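# Commentary on secondary and tertiary structure
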Amino acid sequence: MLFMPTIAIVSQKGGSGKTTMALHLATSAVYAGRETRVIDIDPQATSATWGDWRGDFKPEVMTCPPVRLFSTIEKARRGGAELIVIDTPPHGDTASREAVRVADLVLIPTRARAFDLHALEATAGLMSYARKPAFVVFNAVPARATRMIEEATKAAEAMGLQVCPIQFGERAAFHRSSGTGEVAAEIEPDGKAAGEVDALWKWASGHITLKQLPARGA
Ligand SMILES: Nc1ncnc2c1ncn2[C@@H]1O[C@H](COP(=O)(O)OP(=O)(O)O)[C@@H](O)[C@H]1O
Ligand SMILES: [Mg+2]
């Protein structure tokens, strides 16, 4: 397959924020001038439904069964895509493995509570064979949760996972915007959620190789 920067959002736990993170990150990439496709390999197709609500606005959301991931990325490339973000199902060992296989960067959203951290072990197990850059991203972090995050970071590191320096807080703008086919920055441009997404995109884009954008005015 030809070169295609790909970010996979993976976690074995439902409700950890995979779809929210995939859609927000991909939309930030679009605003940064990157032709981006979301590929939704979750049979529940939540990202694809968001794409329907969004209509003609980018990013386009494609769907495919996990075994069609390579060919769907190739189709996206022929359609002009320069970045892929993959949204995956929970409990989807095969799907998660396929997504990790094609990814240059794996993000693992998780809430920082005990049950979620317990579920993180399954994802850590998957990553231990993969030899891909993978980072836990704490999501829906409550206000004043410094101690909780310190402990969750230790737990993730003990599983052999790295922790992303950016976190998403527990913020209404994430779910309010998703329900209308939008992202947080579109309903609250100066809100905290928008700032966190922007920070995650800046950080993530430093961990993948994107082709050079043409110079301004060129
Ligand atoms: N940072 C957040 N703050 C508030 N609500 C969130 C946040 N992240 C996700 N949610 C909400 O939590 C629910 C599950 O998120 P979702 O992205 O669908 O998880 P997954 O795809 O892992 O199942 C959704 O209702 C979503 O809007
Ligand atoms: Mg989902």
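Refer to the preceding data block for the structure.
First, a word on scope: everything that follows refers to the structure included in this document. (Residues numbered from 1 in each chain as written. Chains lettered and ligands numbered in written order. Predicted model: local features only at pLDDT ≥ 70, side-chain atom pairs only at ≥ 80, totals over all residues. Heavy atoms only, no water.)

### Things to note about the pairing of strand β1 (residues 6-9)
- What you see with β1 is no split at all: T6 and A8 on one side and I7 and I9 on the other are buried throughout.
- As paired strands, β1 and strand β4 (residues 83-87) are joined by four bridges and run parallel to one another. Opposite T6, over in β4, you have I84 as the bridge partner.
- Pairing of β1 with strand β5 (residues 105-110), which is carried by three bridges, proceeds in the parallel orientation. Looking at β5, one finds that A8 is bridged to V106. (Buried < 20%, exposed > 50% of the residue type's maximum accessible area, 1.4 Å probe, protein only. Helix = DSSP H or I, 4+ residues; strand = E, 2+ residues; numbered from the N terminus. Pairing = 2+ DSSP bridges.)

### Description of helix α1 (residues 18-31)
- In this model α1 runs 20 Å from its N-terminal to its C-terminal C-alpha over 14 residues, within 8% of the 20 Å that 1.5 Å per residue would give.
- The buried count for α1 comes to 12 of 14 residues, which makes it a mostly enclosed element.
- Turning to α1, its buried residues are K18, T19, M21, A22, L23, H24, L25, A26, T27, S28, A29 and V30.
- Just past α1, the residue G33 takes up positive phi, approximately 90°. (Expected span 1.5 Å × (residues − 1).)

### A look at the site of ligand 1
- Taken together, 15 residues sit near ligand 1, with G15, K18, T20, G169 and H175 positioned nearest.
- Between ligand 1 and G15, the relevant distance is 2.7 Å, taken from an oxygen atom to a main-chain nitrogen or oxygen of the residue.
- Note that a nitrogen atom of ligand 1 is positioned 3.5 Å from one of the backbone N or O atoms of A140.
- In the complex, 78% of the free accessible area of ligand 1, which totals 560 Å², lies under the protein chains.
- At the level of secondary structure, the elements contributing two or more residues to the shell around ligand 1 comprise α1 and α7 (172-178).
- Counting residues per element, the shell around ligand 1 draws most heavily on α1, at three residues.
- Partitioned by chemical class, the residues of the shell around ligand 1 number two nonpolar, nine polar and four charged. (Near = heavy atom within 4 Å. Polar contact = N/O pair within 3.5 Å; in protein donor to acceptor, adjacent residues only side chain to side chain. Areas by Shrake-Rupley, 256 points an atom, 1.4 Å probe, with all protein chains shown as cover. Nonpolar A, V, L, I, M, F, W, Y, C, P; charged D, E, K, R; others polar.)

### Considering the pairing of β5
- For β5, the tally of buried residues reaches six of six residues, placing the bulk of the element in the interior.
- Sheet topology note: the β5/strand β6 (residues 134-138) ladder contains five bridges and is parallel. Considered in β6, the bridge of V106 is made with A134.
- Read as a crossover between parallel neighbours, the route from β5 over helix α5 (residues 114-128) to β6 is right-handed. (Right-handed = clockwise from strand over helix to strand, strands pointing away.)

### Considerations on the sheet that holds β1
- Ordered by their spatial adjacency, seven strands build an open sheet running β3-β2-β4-β1-β5-β6-β7, and the pairing between neighbours is parallel. This sheet does not close on itself; its edge strands, each paired only once, are β3 (60-63) and β7 (162-163).
- Relative to β4, strand β2 (residues 36-40) runs parallel, the two being bridged by five bridges. Bridging from a neighbouring strand, T36 pairs with L83 of β4.
- In this fold α1 packs onto β1, β2, β4, β5 and β6, with an angle of close to 165° to the strand it touches most, β4. (Contact = heavy atoms within 4.5 Å. Axes fitted to C-alpha atoms, helices over the stretch in contact; angles between N-to-C directions.)

### Comments concerning the packing of α1 against helix α2 (residues 46-54)
- Contact pair α1 / α2: the axes reach a minimum separation of 9 Å and the direction vectors enclose 45°. With respect to α2, the axis of α1 lies oblique. Seen along the crossing, α1 lies across α2 with a hand that is right-handed. On α2, the residues touching T19, L23, T27 and Y31 of α1 are T46, S47, W50 and R54.
- Here the contact of α1 with α2 is built from residues that sort into three nonpolar, four polar and one charged. (Parallel < 35°, antiparallel > 145°, perpendicular 65-115°, else oblique. Left-handed = near helix turned anticlockwise from the far one by under 90°.)

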